[in-house]
Amino acid sequence: MTGKPDGFAYLDISADGFWRSFYAIPVSLPPLLAGWVAYAAELTGGREETAMRLSIVIKAAIVDVTAWILPIFLLGLVVSKIGIAKRFAPYVIASNWGTALLAWAFAPISLWQLFMQQRSDTLTFVSLGFMIVIIAMSYRLTRVALQKPTGFALPFYIAMFMLSFFITLALQELFGINYDFNAGY
């Protein structure tokens, strides 16, 4: 994420390393769970409806894990067509572990949201700032993992980001857990 390719020396870029990189999902579960619980509390308006909150947490988990895995699967279908077949495994490995790292880095914000249980301008500002940092770091990781110039890496990153974003929105809508900013939930 610092933009230096020597970071790949710390990653297992083998076939086994590719599959093991999906362990990043369970590694990310604790901070993600905090975010899902906070989101469920926000959607229920702070009401103590345990069954409803649990349902939202489960649905949010399905949404996030699907939005993590499905773009990788879809990318795997087209890697040879877009000329990154040799860089697919390093990209997926770095992306999976990078996402786990960023999930843990975002944990304090999720915990803040969980315990404050109401939106504040400060939390919104901090979250937005952190999201900008995450996007920048994820782009740098993508560029280094693909070993491609910005002219390729930036559109690729935007496409993957938007794919994940739209999968998230579609699944939230499907499950009825989309956040309505106008209504507050």
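Residues numbered from 1 in each chain as written. Predicted model: local features only at pLDDT ≥ 70, side-chain atom pairs only at ≥ 80, totals over all residues. Heavy atoms only, no water.

Colleague: Tell me about the overall build of the protein, residues and numbers included.
Modeller: A tally of helices and strands in the protein yields seven helices and zero strands. Reading the secondary structure of the protein in the N-to-C direction produces α-α-α-α-α-α-α. Relative to the 2.2 N^0.38 estimate, which gives 16 Å for 185 residues, the radius of gyration of the protein is 17 Å and therefore close to what a compact globule would have. Per-residue burial for the protein yields a buried fraction of 38% across its 185 residues. In the protein, once contacts between residues fewer than 6 apart in sequence are set aside, the share between residues at least 24 apart is 72%. A gap of 13 Å separates the mean positions of the 12 positive and 10 negative side-chain charges of the protein. (Helix = DSSP H or I, 4+ residues; strand = E, 2+ residues; numbered from the N terminus. Rg over C-alpha atoms; globule rule 2.2 N^0.38 Å. Buried < 20%, exposed > 50% of the residue type's maximum accessible area, 1.4 Å probe, protein only. Contact = heavy atoms within 4.5 Å. Lys, Arg positive; Asp, Glu negative; His and termini not counted. Charge placed at Lys NZ, Arg CZ, Asp CG, Glu CD.)

Colleague: Describe the packing of helix α5 (residues 107-116) against helix α6 (residues 121-146), with residues and values.
Modeller: At a minimum axis distance of 11 Å, the contact between α5 and α6 shows a crossing angle of 160 degrees. Here α6 runs roughly antiparallel to α5, going by the angle between their axes. The way α5 lies across α6 gives a crossing that is left-handed. On α6, the residues touching I109, W112 and Q113 of α5 are T122, L123, V126, S127 and F130. Among the residues forming the contact of α5 with α6, the class breakdown is five nonpolar, three polar and no charged. (Axes fitted to C-alpha atoms, helices over the stretch in contact; angles between N-to-C directions. Parallel < 35°, antiparallel > 145°, perpendicular 65-115°, else oblique. Left-handed = near helix turned anticlockwise from the far one by under 90°. Nonpolar A, V, L, I, M, F, W, Y, C, P; charged D, E, K, R; others polar.)

Colleague: Outline unusual backbone geometry, supporting the account with residue identities and numerical values.
Modeller: Phi at Q147 takes a positive value of approximately 55 degrees, unusual for a residue other than glycine. Examined against the element boundaries, Q147 turns out to sit in the loop between α6 and α7 (150-175). Given a relative accessible area of 54%, Q147 falls into the exposed group.

Colleague: Break down the environment of I56 for me, citing the residues and quoting the values.
Modeller: Following the sequence through the fold, I56 ends up in helix α3 (residues 50-82). Looking at I56, the relative accessible area reads 8%, which means it is buried. Put simply, I56 and F175 are 119 residues apart on the chain and 8.6 Å apart in space, counted from C-alpha to C-alpha.

Colleague: Describe the layout of surface pockets, naming the residues involved and giving the relevant values.
Modeller: One number sums up the size of the largest pocket: a volume of about 2000 Å³. Contributing elements (two or more residues each) for the lining of the largest pocket: α2 (24-43), α3, α4 (88-105), α5, α6 and α7. Ranked by residue count, the leading element in the lining of the largest pocket is α6, at ten residues. Split into classes, the residues belonging to the lining of the largest pocket amount to 31 nonpolar, 15 polar and three charged. (1 Å grid on protein atoms, 1.4 Å probe; cavity = no way out; pocket = protein on both sides within 12 Å on 5 of 7 lines; lining within 4 Å. Points joined across faces, edges and corners; volume = space filled by probe spheres on them.)

Colleague: Describe the nonpolar core, listing the residues and the values that go with them.
Modeller: With 22 residues, the main nonpolar core has L75, F88, Y91, V92 and F156 as its most contacted residues. Where this core is concerned, the elements lending two or more residues are α2, α3, α4, α6 and α7. Among the elements that line this core, the one with the most residues is α4, at six residues. Apart from the residues lying within four places of it in its own chain, the contact partners of F88 are F18, I72, L75, G76 and V79. (Core = buried A, V, L, I, M, F, W, Y, C linked by side-chain atoms within 4.5 Å.)

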